[in-house]
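Given next are the chains, with one letter for each unit.
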Amino acid sequence: MTHRGSALLGIAGPGSGKTRALTFRVANLLQENVRPENILLVTFTNKAAEEMKTRVKEIIGSLPPGLWAGTFHSIGARILRRHASLVNRGPNFSILDEDDRGAMIKSSLAALKLKLPAKDQNLFIKKGLLRTILSSARNSALDLEDYVYTRLPELSHYLPVFKQVEEIYEEKKRLANAFDFDDLLSVWLKLLQENKQIRQRYQEQFQHILVDEYQDTNAIQDQLVLLLGENSSICLVGDDAQSIYSFRCAEIGNILTFSQKRPDCTVVKLVQNYRSVPEILELANYSISNNRQQIPKELFTVRAPGEKPYIYIASDNFKEAQFIVHKVLELYDEGQSLSDIAVLYRSSYLAQDVELELLKKNIPYMTFGGLKFLQRAHIKDILAWLKILENPLDEISWQRVILMHEGLGTATFQQLWQKMRSYPQPLQAVTGEQISPPRGLKGWKSLVGTLRQLEDADRENVPWLIQIILESHYGKYLKEKYPDDFAERIMGIERLAAYGSRCASLREFLESLILEEALIMEDLKEENPEKEYLTLSTIHSAKGKEWKTVLLIGLNEGRFPTSQGIKNIEEERRLFYVAATRAKDYLYLTSSREEYRGWGSYLSGPSSFIRELPPHCYQVIFEDYF
């Protein structure tokens, strides 16, 4: 917290208080009269940044304005808006979400008018491989050609197609005054690399750079930190044993090799765990010790001894699900709250049998790691209207809104868009009746009327803007399209409006939603603190959380680790380590000898993560337990 060397790397085990350490370091810098604008605090969620600022305020009594705190992406967006003209955008540029990016890439491929085999068309678009290739190349700091030849050589014959799609996609983004999520990092890095004056400005400004969860950074983020911090004090905190996001291009080497890149670096290990009983830590320590690629450490705790973790191996996955639900009810009867219990799994499909058993027993639960709130169709509909207001060049949003209206189809939209894009202000051209479609005049009139109301409304009053949309033709459209769950969808839109009331402007609202994952779901929990429910979550979505009791299911070879994951067994083991260390008091590991989750039965036996544990680390629950 008080170290004043030029580079500090904190290797912080789970439950060791790393957030507290980082917060106190920021507070200490401010107490030593470091100007807040000279501090850059990077976290992996904006919510975490806000919580840290709140804690700093509690420590020193106030929070001076000017502290730069947020995610890499939010800080990148802030800097790019400042210098938008240098990156061929307006300062009101849109940020494409995953669905919008996929739609734009699909239209870029369609523009080539290629006759691809049906299976490749399905792979590139429906399965999202083309989107993944373009994104992964960018986040790996590789050009497209290098990425394909080194990572996907079997697709190298398609490289000319990929390059053409990338070129068209980049132009479409420019015309739409939009960036995708990856651009917020790669364009920011390019801006710093190519503009010496701007690079020096931020290098001089950010005298102290602090980054949380460094094990989750990708190649671009690593380069940004090293470039900005060439002459600054850098403090990184993370845990190589919790590096589990390689599918997002996170590179464990960033944290493992940082001390080599900065030879002046001091490495500090935080290994006292304040969360778990010693028996759970013993199991976790033993498991992760099997990894070779790591910075060795062993967690310990001053907590009193508790119970050893339990292992239950069922005859099949149905019996495994029945055991889980039986154990949840047993724990509940013993006085545990459902909110203190979590069922974790490697992949969402592993939880389906448990969900069915929970429904049978009428046990309330909430799932994490499935379809996100912002990916739901009705939410994307509302956001499309609002995005048009903020950025009238947003082609994807215009298309979504226009196609909701009677008589206006894809062909008509293309004709309209050709006219609209010729105007510097497409929204004003539409509401000023300078444009009209060749057909669907009734639907067009309705759309124009709603847009006029939105144009005249206060842009800072997001709930009122949403209310205008709901009272327009869209309300009727929503009810006709989703008659079975219309009321539930309205409630979701009302939650969106409630969040909007916290934002000072439409731009702030749209940007915070795009940049903050699971934001609405967290707000939902805060709005209903009295509602008790069991948590069902993928392990990736559970990172950073804790429960009194954790039940880790689906521990079968080929399921966890997955058949693909066996190729990167050390990351799969780190995932197991993360799951085990979510538990404070009780840990249950379950498997089955036979399973029927696919066609026919699947025989694999218990996971290697169970088999490699010494018997003294756990106790066995026999199958006739209930």
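Description of the structure in this document. (Residues numbered from 1 in each chain as written. Predicted model: local features only at pLDDT ≥ 70, side-chain atom pairs only at ≥ 80, totals over all residues. Heavy atoms only, no water.)

## Considering the overall build of the chain
Okay, step 1: Scanning the chain for helices and strands turns up 29 helices and 16 strands.
Okay, step 2: Relative to its length of 626 residues, the chain is compact, with a C-alpha radius of gyration of 26 Å against a globular reference of 25 Å.
Okay, step 3: Dimensions of the chain along its principal axes, counting C-alpha atoms only, are 80 × 60 × 55 Å.
Okay, step 4: Within the chain, the proportion of its 626 residues that are buried is 56%.
Okay, step 5: Considering only contacts within the chain whose residues lie at least 6 apart along the sequence, 78% involve residues at least 24 apart.
Okay, step 6: Of the roughly 27700 Å² of accessible surface on the chain, a fraction of 50% belongs to carbon and sulfur atoms. (Helix = DSSP H or I, 4+ residues; strand = E, 2+ residues; numbered from the N terminus. Rg over C-alpha atoms; globule rule 2.2 N^0.38 Å. Buried < 20%, exposed > 50% of the residue type's maximum accessible area, 1.4 Å probe, protein only. Contact = heavy atoms within 4.5 Å. Areas by Shrake-Rupley, 256 points an atom, 1.4 Å probe, with all protein chains shown as cover.)

## Quick word on empty space enclosed by the protein
Okay, step 1: Counted according to the given criterion, the structure contains 4 cavities of 30 Å³ or more.
Okay, step 2: Considered as a void within the structure, the largest cavity measures approximately 120 Å³ in volume.
Okay, step 3: Lining the largest cavity are Arg81, Asn92, Phe93, Ser94, Ile95, Lys387, Glu390, Asn391, Arg507, Leu510, Glu511 and Ile514.
Okay, step 4: Counting residues per element, the ones that place at least two in the lining of the largest cavity are β4 (94-96), α17 (377-390) and α25 (506-515).
Okay, step 5: Of all the elements, α25 adds the most residues to the lining of the largest cavity, at 4 residues.
Okay, step 6: Classifying every residue of the lining of the largest cavity gives 4 nonpolar, 3 polar and 5 charged. (1 Å grid on protein atoms, 1.4 Å probe; cavity = no way out; pocket = protein on both sides within 12 Å on 5 of 7 lines; lining within 4 Å. Points joined across faces, edges and corners; volume = space filled by probe spheres on them. Nonpolar A, V, L, I, M, F, W, Y, C, P; charged D, E, K, R; others polar.)

## Notes on unusual backbone geometry
Residues other than glycine predominantly adopt negative phi, and peptide bonds predominantly adopt the trans conformation.
Okay, step 1: Cis geometry marks the peptide bond from Phe560 to Pro561; its omega dihedral reads 5°.
Okay, step 2: Within the secondary structure, Pro561 sits in the loop between β13 (547-552) and α28 (569-580).
Okay, step 3: Backbone geometry places Asn177, a non-glycine residue, at a positive phi of 50°.
Okay, step 4: Tracing the backbone through its elements, the reader meets Asn177 in the loop between α8 (159-175) and β5 (178-180).
Okay, step 5: On the basis of relative accessibility, which here comes to 5%, the residue Asn177 falls in the buried class.

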